[in-house]
Amino acid sequence: MGRSSRGPDHRTRERIARRTATGLAELVPDRDRPRGWTLLLDGAPQSYVDLDDPAHLSFEYQRRLGHVADLAAPPGRPLTALHLGGGALTLPRYVAATRPRSRQQVAEIDTDLTGLVRAELPLDRGWQVRVRGGDARAVLERAPEGAADLVVADVFSGARVPAHCATAEFAALALRALAPGGLYAANIADGAPLAFARSQVATLLGLFPEVCLIGDPAVLRGRRFGNLLLVAGRLPLPLAELTRRTGADPFPGRVDHGRALADFTGGAAPATDATAAPSPAPPPGVFRDAAR
């Protein structure tokens, strides 16, 4: 497992704050883990990184993305991965640590944020992680056809998924980039009445042969605002193992597929470039205590 030889000394660590293109970025030290850091953007938790243990995934949605990465290929086999949205590069670090020799590209529009993360939370020099500054959709449009084992869309503008990254046209580009057995995972956020999530499910069901939805049961029932993870591919999904792993998480989740997923859409129409809207803004303070 790769370890960085640099980074702030935990004995003297203090909060690091920088104004970037997308807002106020803060790196907050974890008092329980000597080299653990939480990235906040405008006060909302975005990512967690432990420089001593890049395979440690602290946030609920990141653990679920880790499950998908684990199941994207046989254990230990290197992946070709495309990450749309970078943050603190938590998932690329996880893949690099758990699947050595993986080749990964990251699209992150906020180059100032990338500079801060690279300086304060450096990547292992042996990892093949290339970070490209640019809009996620623009990078996806240029991705090689049929090359990626894993495409992850974790694209947020502030706390909202931008409309142009939540359409059938965007999903079609992701499908084009995937290898035949590859997996597409999209992290979204929604709350009651779940109109955005229902439309996103309908969008993927219209394009991918296989789709499932993973989330906290309370979020899936519209009882609270939170993250949901969509997973899709051309071939049958590893549903049994996804269900087992998600159910064993510290905050167990549910996996919906098939008829249950079709029922979840409630007749919602797929989102297109002509009709899409960004995901709803979260209620004030909802994510302050949700980094779990």
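Predicted model only: the values in this text are computed from it and were never measured. (Residues numbered from 1 in each chain as written. Predicted model: local features only at pLDDT ≥ 70, side-chain atom pairs only at ≥ 80, totals over all residues. Heavy atoms only, no water.)

Participant: Would you take a moment to explain the overall build of the protein chain for this structure?
Facilitator: Secondary structure summary: the protein chain contains nine helices and 12 strands in total. Taken against the 2.2 N^0.38 rule, which gives 19 Å for 292 residues, the C-alpha radius of gyration of the protein chain at 18 Å falls within 12% of a compact globule. Taking the principal axes of its C-alpha atoms as reference, the protein chain extends roughly 55 × 40 × 35 Å. For the protein chain, with 292 residues in total, the buried portion stands at 55%. Across the protein chain, the fraction of contacts at a sequence separation of at least 24, relative to all contacts at a separation of at least 6, is 70%. When the 36 basic and 31 acidic side-chain charges of the protein chain are each reduced to a single mean position, those positions are 2 Å apart. (Helix = DSSP H or I, 4+ residues; strand = E, 2+ residues; numbered from the N terminus. Rg over C-alpha atoms; globule rule 2.2 N^0.38 Å. Buried < 20%, exposed > 50% of the residue type's maximum accessible area, 1.4 Å probe, protein only. Contact = heavy atoms within 4.5 Å. Lys, Arg positive; Asp, Glu negative; His and termini not counted. Charge placed at Lys NZ, Arg CZ, Asp CG, Glu CD.)

Participant: Help me understand the nonpolar core, please; the structure alone is not making it clear to me.
Facilitator: The tendency in soluble globular proteins is for nonpolar side chains to be buried as a group. Counting residues in hydrophobic clusters, the biggest one holds 39 residues, and the most contacted among them are Leu84, Val151, Tyr184 and Phe208. Take this core: its biggest share by element is six residues, from helix H5 (residues 168–177). Apart from the residues within four sequence positions on either side, Val151 is in contact with Leu82, Leu84, Ala174, Ala177, Leu178, Leu183, Tyr184 and Ala185. Counting residues in each nonpolar core, the second largest holds 25 residues, with Leu57, Ala69, Leu150 and Val152 among its members. (Core = buried A, V, L, I, M, F, W, Y, C linked by side-chain atoms within 4.5 Å.)

Participant: Whenever I open this one, helix H2 (residues 90–98) confuses me. Can you help?
Facilitator: Given 3.6 residues to a turn, an α-helix orients residues that are three or four positions apart in the same direction. When you tally the buried positions in H2, you get eight out of nine residues, the bulk of the element. Along H2, the residues that are buried comprise Thr90, Leu91, Pro92, Arg93, Tyr94, Val95, Ala96 and Ala97.

Participant: Mind showing me how you'd approach the pattern of salt bridges here?
Facilitator: Once their charged atoms are close, side chains differing in charge can pair, the charge on each being opposite to the other. With the rule as written, the count across this model stands at 14 salt bridges. We note a salt bridge from Glu60 to Arg64, for which the minimum N-O separation is 3.2 Å. Remark: Arg64 and Glu60 occur in helix H1 (residues 60–70); sequence separation between them is four residues, near one turn of the helix. Linked by salt bridges that have partners in common, Asp70, Glu241, Arg244 and Arg245 make up one network. (Salt bridge = Lys/Arg side-chain N within 4 Å of Asp/Glu carboxyl O.)

Participant: Sorry, what's going on with the sheet that holds strand E2 (residues 23–29) here?
Facilitator: Pairing between the strands of a sheet comes from backbone hydrogen bonds, and it takes one of two forms, parallel or antiparallel. The strand order across the open sheet built from four strands is E1-E2-E3-E4, with neighbouring strands paired in antiparallel fashion. Both outer strands of the open sheet, strand E1 (16–20) and strand E4 (44–50), are each paired with one neighbouring strand and no more. With strand direction ignored, the average angle separating the axes of adjacent strands in the sheet is 20 degrees. As judged from the six bridges shared by strand E3 (residues 36–41) and E4, these two strands associate in the antiparallel manner. Across the sheet, the residue bridging to Gly36 is Asp50, located in E4. Each of E1, E2 and E3 is contacted by helix H3 (residues 111–120), which is oriented at about 155 degrees to E1, the strand it contacts most. (Pairing = 2+ DSSP bridges. Axes fitted to C-alpha atoms, helices over the stretch in contact; angles between N-to-C directions.)

Participant: What exactly am I supposed to notice about unusual backbone geometry here?
Facilitator: One can expect most non-glycine residues to show negative phi and most peptide bonds to be in trans. Following Ala192, the chain continues into Pro193 via a peptide bond in cis, with omega recorded as 10 degrees. Of note, the phi angle at Asp42 is positive, near 50 degrees, even though the residue is not glycine. Mapped onto the elements, Asp42 comes out in the loop between E3 and E4. Not every positive phi belongs to a glycine, and Leu89 is a case in point at roughly 65 degrees.

Participant: Could you clarify how one ought to interpret the side chain of Thr167 in this entry?
Facilitator: The residue Thr167 is located in the loop between strand E8 (148–153) and H5 in this model. When residues no more than four places from it in sequence are discounted, the contact partners of Thr167 are Arg137, Thr203, Ala271, Thr272, Asp273 and Ala276.

Participant: How do you make sense of H5 when you look at a structure like this?
Facilitator: Among the 10 residues in H5, seven count as buried, and that is most of the element. Looking only at H5, the buried set comprises Ala168, Phe170, Ala171, Leu173, Ala174, Leu175 and Ala177. Close packing links the buried residues of H5 with strand E5 (80–84), helix H4 (136–141), E8, strand E9 (178–190) and helix H6 (195–205).

Participant: So what exactly am I meant to see when it comes to the sheet that holds strand E12 (residues 254–257) here?
Facilitator: Ordered by their spatial adjacency, eight strands build an open sheet running E7-E6-E5-E8-E9-E11-E10-E12, and the pairing between neighbours is mixed. A single partner strand is all that each edge strand has here, and the edge strands are strand E7 (128–133) and E12. Sheet twist, expressed as the mean angle between neighbouring strand axes with direction ignored, is 15 degrees. As paired elements, E5 and E8 share four bridges and run parallel to each other. Paired with Leu82 across the strands is Val151, a residue of E8. Relative to the sheet, H2 contacts E5, strand E6 (103–108), E7 and E8, its axis offset from that of E6 by approximately 175 degrees. Against the sheet, H6 makes contact with E9, strand E10 (210–215) and strand E11 (226–233), and its axis sits at roughly 170 degrees relative to E9, the strand it touches most.

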